[in-house]
Amino acid sequence: MPPPDAARVALWAAFSELFLDTDISADTHRFVARRIIESGLPPETVLQVLWLEVFPALCDNLRVVAGEWAGFNDEWLSERVASIAAGEVNAYAPFALVTVNQVIKAIETQWELCAACLPASYRDLRRPSNQQIKRLGVIGRVTARD
């Protein structure tokens, strides 16, 4: 993965707010929406950043009993996204109280609330399939059809 630009890193940080072990408010949704617009990235890219970069990096925070609630360090987050993209670490713990599919559903709901604060072009996008999202976070991932 090439070094990300500042807009992408800022978007990772904004999306990370959706993965904290806290209640997510309408203020958070508006904050994320502002950061999306400020990124200047096309809607399709924004959705890929959420589901194929940030989700694998932070999903497990919502699957464990005592997840991070204070916020993620930008440097740690950048390293985590890069290590998963490079296939150096597994994104998903083999055992947790919550399944990856349950977290996908929860984040999908949060995305819809963020998208409601954005232009219509963001609301009609389709996210990657569950299999695509999960496959990205597993070392030795296969490339079979979904």
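It should be emphasised that the depicted structure is a prediction, and the values quoted were computed from it without experimental measurement.

Cut-off values and rules
- Residues numbered from 1 in each chain as written.
- Predicted model: local features only at pLDDT ≥ 70, side-chain atom pairs only at ≥ 80, totals over all residues.
- Heavy atoms only, no water.
- Helix = DSSP H or I, 4+ residues; strand = E, 2+ residues; numbered from the N terminus.
- Buried < 20%, exposed > 50% of the residue type's maximum accessible area, 1.4 Å probe, protein only.
- Contact = heavy atoms within 4.5 Å.
- Areas by Shrake-Rupley, 256 points an atom, 1.4 Å probe, with all protein chains shown as cover.
- Axes fitted to C-alpha atoms, helices over the stretch in contact; angles between N-to-C directions.
- Parallel < 35°, antiparallel > 145°, perpendicular 65-115°, else oblique.
- Left-handed = near helix turned anticlockwise from the far one by under 90°.
- Nonpolar A, V, L, I, M, F, W, Y, C, P; charged D, E, K, R; others polar.
- Salt bridge = Lys/Arg side-chain N within 4 Å of Asp/Glu carboxyl O.

This part is about the overall build of the protein chain. A tally of regular secondary structure across the protein chain gives seven helices and zero strands. Each helix (α) and strand (β) of the protein chain, taken in turn from the N terminus, gives the series α-α-α-α-α-α-α. Classification of the 146 residues of the protein chain by burial places 38% in the buried group. For the protein chain, the share of sequence-separated contacts (at least 6 apart) that also reach a separation of at least 24 residues comes to 77%. Carbon and sulfur atoms provide 53% of the accessible area of the protein chain, an area that totals close to 8000 Å².

Where helix 3 (residues 43-58) meets helix 5 (residues 100-115), the axes come as close as 12 Å, and the angle between the chain directions of the two elements is 150°. Taken together, the axes of helix 3 and helix 5 lie roughly antiparallel to each other. In this structure, helix 3 crosses over helix 5, and the sense of that crossing is right-handed. Taking contact as the criterion, the partners of Val46, Leu47, Leu50, Trp51 and Phe55 in helix 3 are, on helix 5, Val100, Val103, Ile104, Ile107, Glu108 and Trp111. Grouping the constituent residues of the contact of helix 3 with helix 5 by class yields 10 nonpolar, no polar and one charged.

As for its placement among the helices and strands, alanine 14 is situated in helix 1 (residues 6-16). Here the alpha-carbon distance between alanine 14 and valine 54, two residues 40 residues apart in the chain, equals 9.9 Å. Not counting residues up to four positions away in its chain, the partners in contact with alanine 14 are Phe31, Val32 and Arg35.

If you walk through the whole model with that rule in mind, you get five salt bridges. Among the ionic pairs, aspartate 27 bridges to arginine 30, the shortest N-O distance being 2.3 Å. You can see aspartate 27 and its partner arginine 30 sitting in helix 2 (residues 26-39), three residues apart, about one turn around the helix. With a relative accessible area of 38%, arginine 30 lands in the partly exposed category. Across the pair glutamate 38 and arginine 35 runs a salt bridge whose closest N-O atoms are separated by 3.0 Å. Of this pair, glutamate 38 and arginine 35 both sit in helix 2, separated by three residues, roughly a single helical turn.

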